[in-house]
Amino acid sequence: MITDKLKNGSSTLSFSLYKNHPFIDDIQEEFYVETIENRYVIKNTNDQQTVKRYMCVLNLESLESKLWIDGFSNVEATADATVRLAIAGTGWSVESRSLTTKKRTLRLDSTNAYEIITKALTKWDIEVLFNAKDRVITLSDSVGEDKGVYFTDELNLSTINIEGDSTDFATR
């Protein structure tokens, strides 16, 4: 199951393997998992009775390891220019979609490229998508799209019923 958090671009992947799976002993923490769309790093394993559960996070190691030890400063620049400067030399690229052209100043003490990106999100009020497989950062004013669907408790709702059934339960 892949869980995306749109505003900050983070994504997690979780999956399970049965204990009798032939590769169960070969998959460990810090191994890479690649899907059709992204690349993840296994960060947590949970050994249960019949299965082993794996929790993975998006592989942003190269952004986290790009250090700005003396601090980062970009004066009166766009979000696109700020992120491009922050990730220079990491092998990542930036793609901008309908991005605001507002100029702001961003200054941080002793940081890394990933922290600069997350601060830029709030400073410019933008959203980001990370494609760790192709090493592309997509910046946009709004990542999601409006499907025209919404939920409300005020429309066509006359009553709420909660039903329970315990006829098929067995106890010892």
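So, here is what we can say about the structure in this document. The shown structure was predicted, so the numbers you read here are calculated from the model rather than taken from an experiment.

1. Quick look at helix H2 (residues 79-86)
Think of an α-helix as 3.6 residues a turn; residues three or four steps apart then line up on the same face.
And step 1. Listing the buried residues of H2 in full gives Ala 79, Asp 80, Thr 82, Val 83 and Ala 86. An end-on view of H2 places all buried positions within 165° of arc, on one side of the element.

2. Observations concerning unusual backbone geometry
Trans peptide bonds make up the majority, and among non-glycine residues the majority have a negative phi.
And step 1. At Glu 76, a position not held by glycine, the phi torsion is positive, near 45°.
And step 2. Take Glu 76: it is sitting in strand E7 (residues 72-77).

3. As for the sheet that holds strand E11 (residues 127-131)
And step 1. Taking strand neighbours across the sheet as the criterion, the three strands line up as E8-E12-E11 in an open arrangement whose pairing is mixed. This sheet does not close on itself; its edge strands, each paired only once, are strand E8 (93-97) and E11. Within the sheet, the average angular offset between the axes of one strand and its neighbour, ignoring direction, is 20°.
And step 2. Note: E8 against strand E12 (residues 136-140), five bridges, orientation parallel. Residue pairing in the sheet places Ser 96 in a bridge with Leu 139 of E12.

4. With respect to the environment of Asn 112
And step 1. In this fold, Asn 112 is placed in strand E10 (residues 111-112).
And step 2. Expressed as a C-alpha distance, the spacing of Asn 112 and Glu 64, which sit 48 residues apart in the sequence, is 5.6 Å.
And step 3. The residues touching Asn 112, leaving out its near neighbours within four places in the chain, are Leu 63, Glu 64, Lys 66, Leu 67 and Trp 68.
And step 4. There is a polar contact of 3.5 Å between the side chain of Asn 112 and the backbone oxygen of Glu 64.
And step 5. At a separation of 2.8 Å, a polar atom in the side chain of Asn 112 contacts the main-chain amide nitrogen of Glu 115.

The rules behind each value
- Residues numbered from 1 in each chain as written.
- Predicted model: local features only at pLDDT ≥ 70, side-chain atom pairs only at ≥ 80, totals over all residues.
- Heavy atoms only, no water.
- Buried < 20%, exposed > 50% of the residue type's maximum accessible area, 1.4 Å probe, protein only.
- Helix = DSSP H or I, 4+ residues; strand = E, 2+ residues; numbered from the N terminus.
- Arc of directions from axis to C-beta.
- Pairing = 2+ DSSP bridges.
- Axes fitted to C-alpha atoms, helices over the stretch in contact; angles between N-to-C directions.
- Contact = heavy atoms within 4.5 Å.
- Polar contact = N/O pair within 3.5 Å; in protein donor to acceptor, adjacent residues only side chain to side chain.

Read these as spatial facts, not as claims about activity.
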